[in-house]
Amino acid sequence: MTAEWLPITALAIALLVTGIIFVLPEESHRLRTTINLLAAVTNIVLVTLMVRRVAAGYEDIFSFQVVGGVDFVLRTDALGVMFAGLSSLLWLCTTIYAIGYLEGSANRKRFFGFFSLCVASTIGIALADNLFTFLIFYEMLTLSTYPLVVHRGTEQALNAGRIYLRYTLTAGVVLLLGAVLLYSLTGDQSFSSEAGLGDYLNDNRGLLTLIFALLVGGFAVKAAMVPLHGWLPRAMVAPAPVSALLHAVAVVKAGAFGILRVVYDLYGIELSVELGVITALAVAASITIIYGSLRAIAQEELKPRLAFSTISQVSYVILGIGLFGPFGTIGALAHLLHQGLMKVTLFFCAGNYAEELGIHRIDEMDGAGKRMPLTSIAFTIGALGMIGLPPFAGFITKWYLGIGAIQAEMYWVVAVLVISSTLNAMYFLPIVHRLWFRLGPSHGKGSWPDEQRLGRFETHGWLLLPMVFTALVSLAAGLLAGLPFSPLDWATRVANGEYLL
Amino acid sequence: MMTLLLALSLLWPLCVAGCSAWHAYRTPSSRRDYFSLLWVSAAWPALLLAYGGEAQWTIDAWMLGGEWALNSLSRPWLAFTALLWSLAAVHARGYFAAEHKQAQAGDQDVQRRLQRLSLLWPMTLLGNVLLVVAQDIASFYLGFALMTFAAYALVVHTGTQEARLGARVYLILAVVGEGLILAGFLWAAGEADTLTLQGVREGILIAEQGAWMAALLCLGFGVKAGVIGLHVWLPLAHPVAPAPASAVLSGVMIKAGLLGWISVLPLGHDEVPGALAQFGHVMLIAGLAAAFAAALYGVFQRHPKAVLAYSSISQMGMMTALVAMGLVAPDVWPLLWPGLVLFAAHHALAKGSLFMGTSISEHLPRWPLPLVWALMALPGISLAGAIGAGMISKWGVKSPLYEMHHESLIKLLSWAAVGTAALVSVALWRQWQQREQGGSNPWQWGAWLAGIMAALVTPLWLPLPAGSIEMAPLKEWLGIIWPFPAGVVLAVLGWLLTRPFKGKSPPAGDLWWLYAFIANAALVPIRLIGHACGKIKAASVAAAQSMEKRFMVYLSRGLAGESWLRHHSSGLMMVLAAVLAALLMWEGQG
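Residues numbered from 1 in each chain as written. Chains lettered and ligands numbered in written order. Predicted model: local features only at pLDDT ≥ 70, side-chain atom pairs only at ≥ 80, totals over all residues.

Considering the confidence of the model for chain A
Overall, the prediction assigns chain A a mean pLDDT of 90, with 99% of residues at 70 or greater. Within chain A, the element-level pLDDT minimum falls on helix 20 (residues 487–499) of chain A, averaging 86, and the maximum on helix 16 (residues 373–387) of chain A, averaging 95. (pLDDT = per-residue confidence, 0-100. Helix = DSSP H or I, 4+ residues; strand = E, 2+ residues; numbered from the N terminus.)

Some points on the packing of helix 14 (residues 326–357) of chain A against helix 16 of chain A
Residues and elements named next belong to chain A. In the contact formed by helix 14 and helix 16, the axes pass within 9 Å of each other and the chain directions differ by 145°. Judged by the sense of rotation from one axis to the other, the crossing of helix 14 with helix 16 is left-handed. Contacts between helix 14 and helix 16 involve M342, T345, L346, C349, N352 and Y353 from the first element and T375, A378, F379, I381, G382, G385 and M386 from the second. Tallied by class, the residues present in the contact of helix 14 with helix 16 amount to 8 nonpolar, 5 polar and no charged. (Axes fitted to C-alpha atoms, helices over the stretch in contact; angles between N-to-C directions. Left-handed = near helix turned anticlockwise from the far one by under 90°. Contact = placed C-beta atoms within 7 Å. Nonpolar A, V, L, I, M, F, W, Y, C, P; charged D, E, K, R; others polar.)

Let's talk about the interface of chain A and chain B
Across the contact, 20 residues belong to chain A and 22 residues belong to chain B. Counting only elements with at least two residues in the side of chain A that touches chain B, the list comes to helix 6 (155–186), helix 17 (393–407), helix 18 (411–437) and helix 19 (461–479) of chain A. A per-element tally of the side of chain A that touches chain B places helix 17 of chain A first, with 6 residues. The residue makeup of the side of chain A that touches chain B, split by class, is 15 nonpolar, 5 polar and no charged.

Looking at the domain arrangement of chain B
Parsing chain B into structural domains produces domain 1 (2–509) and domain 2 (513–589). For domain 1 of chain B and domain 2 of chain B, the distance between their C-alpha centroids amounts to 58 Å. (Domains from an automatic or database assignment.)

Here we look at the UniProt feature "domain: NADH:quinone oxidoreductase/Mrp antiporter transmembrane" (unreviewed entry) in chain B
Here the UniProt-annotated "domain: NADH:quinone oxidoreductase/Mrp antiporter transmembrane" (unreviewed entry) positions come out as residues 134–359 of chain B. The distance separating the terminal C-alpha atoms of residues 134–359 of chain B is 34 Å; by composition the span is 81% helix and 0% strand. (UniProt positions renumbered as here; feature names shortened; annotations may be inferred.)

With respect to the environment of I289 of chain A
Residues and elements named next belong to chain A. Structurally, I289 can be placed in helix 12 (residues 277–298). Judged by the 27 C-beta atoms lying within 10 Å of it, I289 falls in the buried class. Taking C-alpha positions, I289 is 34 Å from R371, a pair spaced 82 residues apart along the chain. Once residues lying within four places of it in the same chain are set aside, the contact partners of I289 are S312, S315, Y316, L319, V416 and S420. (Buried ≥ 20, exposed ≤ 12 C-beta atoms within 10 Å, placed from the backbone.)

Some remarks on helix 1 (residues 5–23) of chain A
All names here are of chain A. In this model helix 1 runs 26 Å from its N-terminal to its C-terminal C-alpha over 19 residues, within 8% of the 27 Å that 1.5 Å per residue would give. Among the residues of helix 1, those classed as buried are L6, P7, A10, L11, I13, A14, V17, T18 and I21. With its buried residues spanning 155° around the axis, helix 1 presents them on a single face. Exposed residues pointing more than 90 degrees away from the buried face of helix 1 are listed as W5, G19 and V23. Next to the buried residues of helix 1 lie helix 2 (29–55), strand 1 (61–67), strand 2 (70–75), helix 3 (78–101) and helix 4 (108–127). (Expected span 1.5 Å × (residues − 1). Arc of directions from axis to C-beta.)

Let's talk about unusual backbone geometry
Residue and element names in this part refer to chain A. Of note, the amide linkage connecting V226 to P227 takes the cis form, showing an omega dihedral of 5°. If you trace the backbone, P227 turns up in the loop between helix 7 (205–222) and helix 8 (231–234). Of note, the bond from P390 into P391 is cis; its omega dihedral lies within 30 degrees of zero at 5°. Within the secondary structure, P391 sits in the loop between helix 16 and helix 17.

Laid out in structure tokens, this is it:
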């Protein structure tokens, strides 16, 4: 049985919802919410179907020719489905969260419309089977996130949006150049082709290296690798659900995913090693990891600290690619999911603190654990996971990266991991300490910056539910990593495909 | 059935912690019972589990693959661990009764402290139970880390200046230890491609750098076990922790380090490579050095709990030396290990009772004082090997060493036992000097008495393999007993000799003050460099800014060019597109 409708339907639903939302009037909140949630749930069902089919060994391909030699191709493979799964799961969570977060504010139609478009682009990125298709959705993502970043419309937001566009559009041009060069060299190259680019190695070594540098350099902007990370901390002015989506799956991860595709599916790991670019990637990732952590320590506000933490954490994925060997790959792929789950939790928490208590600065968080226990527990889970303590998801990744580094005999990577864990502890543990051990307004000392009673529970129920869910999932991803279809299990499956263990 | 019991013994502490958190938010403070019967029962399922027989579990879904087992080693270990945790919990209920009343009367500070303790006590227990049954690296590491970090709350409980210092030292060394352990595990597991402790043992045996892996792991676990040099937290943390916390800290938690060694070192293996045997010698010497040095330093301490902490270091030194024998003389290990486990179990209960005893001497019940001090001395005398389980455990260690002709080590251990006797005498003397009336709670002295009983008859209840432990033959008794009177006499002599010099006692935590001094001294040049760097940075920023300003002047001339570009942008785009298309076509032809 073939099911070529599967990938295109998943994409079409997200696009369709975007259209419907833009057509619906601003006031019909209930209808919009229903359609939005319905589509998100349908998408999860579709991705589950894909996962089952991929696990059973089927691949569904949808393609049509755009012009001669350039095809639009969607394909369900293990790696793509993994990313699609993450984005559809987090679409549901962030949508629920956004509904609670934006309740009563203006321009919700625009917001949810572009939000769906943004998710549609990530699904397209996940399922794209060649560079052409990939780039279409990649640029669509750039454009659809801009209105979300500037949603508040303040001077600061517009500034951040301008910088965001400047970075990403320049990167887009670089990418385009790389893609054109590659097409001119090899023609249409499917991500699934077994051959790779090995045939061109002898004659075009320099050109291949140049193309690699152009492509990875282009993707590195969205993946926020130092020194191309400048846009990310500024984009923090976006509303919390946008930051959550941006950091967990949409933009930053799209960049990392692009690099994954280039290294594993376009060039092939052997060729990348042959060209010697893989070590360069590992070094760049290590620099980013350490630099991001150091800058995070210096931040005094919660969201910028989380932003720099993202810069550091996403490069773990790149670092894993840079370790030649199956364990590094497993670590990288698992971290793609783990980091998404943990970071989205942390941003939900940051949003909750800001909405309920008006907390933006870290020194305002004293004793918040008593006032908002669930949020604080979720934050603690996310923070400890980021540090890489067992039994949380982050530990699994760090373990695999460490083992991968030892087996690749790149001992300095272990040092990088240890240093970054220590730095992570240095910027997350003080927050956890403040939450639980310091005395604050909830003990009758001072008052919260801007306290509101948003709901019956510690805050609005819509804000609470997705946060608790993602926190539990990121706990389970570590505690029950051995279960079939856990992130680790799926990452192992993909890595087996790459390395034919 | 066993599986159910295992699940229960891991989930029960979690439930207890959950209940305690629930009460914090739901029950009004005036009716809150921090140390309820439920709380006291946290370790009971684990105790039951230890007596349920041997069993093995493999849980693929658990983290990196769970391997848990109750074997001939982990059963007795779990038994004494869970027993001491249970007794200490009962003791705690009595010990904190006064604070409990304060909390119910509305003292918010006390409420918070008790809340923290009642929540993190079962978590510490959970970590400890998990690490005993774990046979895979991830579970073991999880248990160890959980125990280590949750125990911070136990040390810092009173919140005084000294308590904060003790807790800080504890935490700093714990973090160092965790780092070393993780590095060692990663290295060994990466080389051997394994996820179990068994695999680590085998990997260390065959790996080229096995001795270094062993060294990393040993130092990491050594922080807990109080290896000389890394022991400084013990005498600083013990005196400030509440008595029941000190009891579990010194009784079972430092034993976790010992269990760590036994779990990762290829002890008693036929072909120990030379480098590893060399490492064994280093460990042996370090152990003996700790055994003697701690005794010599400890007798001059003023605080009874500090004296007892030094006694723990000294005792752990002996155990270190015995573990090292597994590398140095592997043939002795199969006979030696049951004796070592008995030694550890007996020390756990005896030291636990001694620490609980310190809370009794601070709140003396209305009993005849000679009776109280006789009871107080019993676990100490047993620890020195003169009565009860102490004799049997000494013999359990000695007889295999005799059999394999390691007489010199036996002699050294006997002299170390003299040190133990002296330390215990000093501790009891300090307790006498600092005794206070006040009346103990029945829970408090009940647990203490039960602890003494359990310590004296350890071999009766410890589920060791049948026939592995025997009573010493009558002719050997003198050889086992003599260190005790010798130690007491030495202590009295020393007291008489040093009485004329009313000197100050050396500070607890010995080397810590040296470390802190070195760290501070090292910070001075770093600060200077940092200062210089800051200056350089400021200067370069200023220079760059002036350069930028000059550059911007030139650049603003470019504005004209920009407006030209704006006017012709569409045309330029077309040209670019044409160039790209031409490039494509040209390549297509080629």
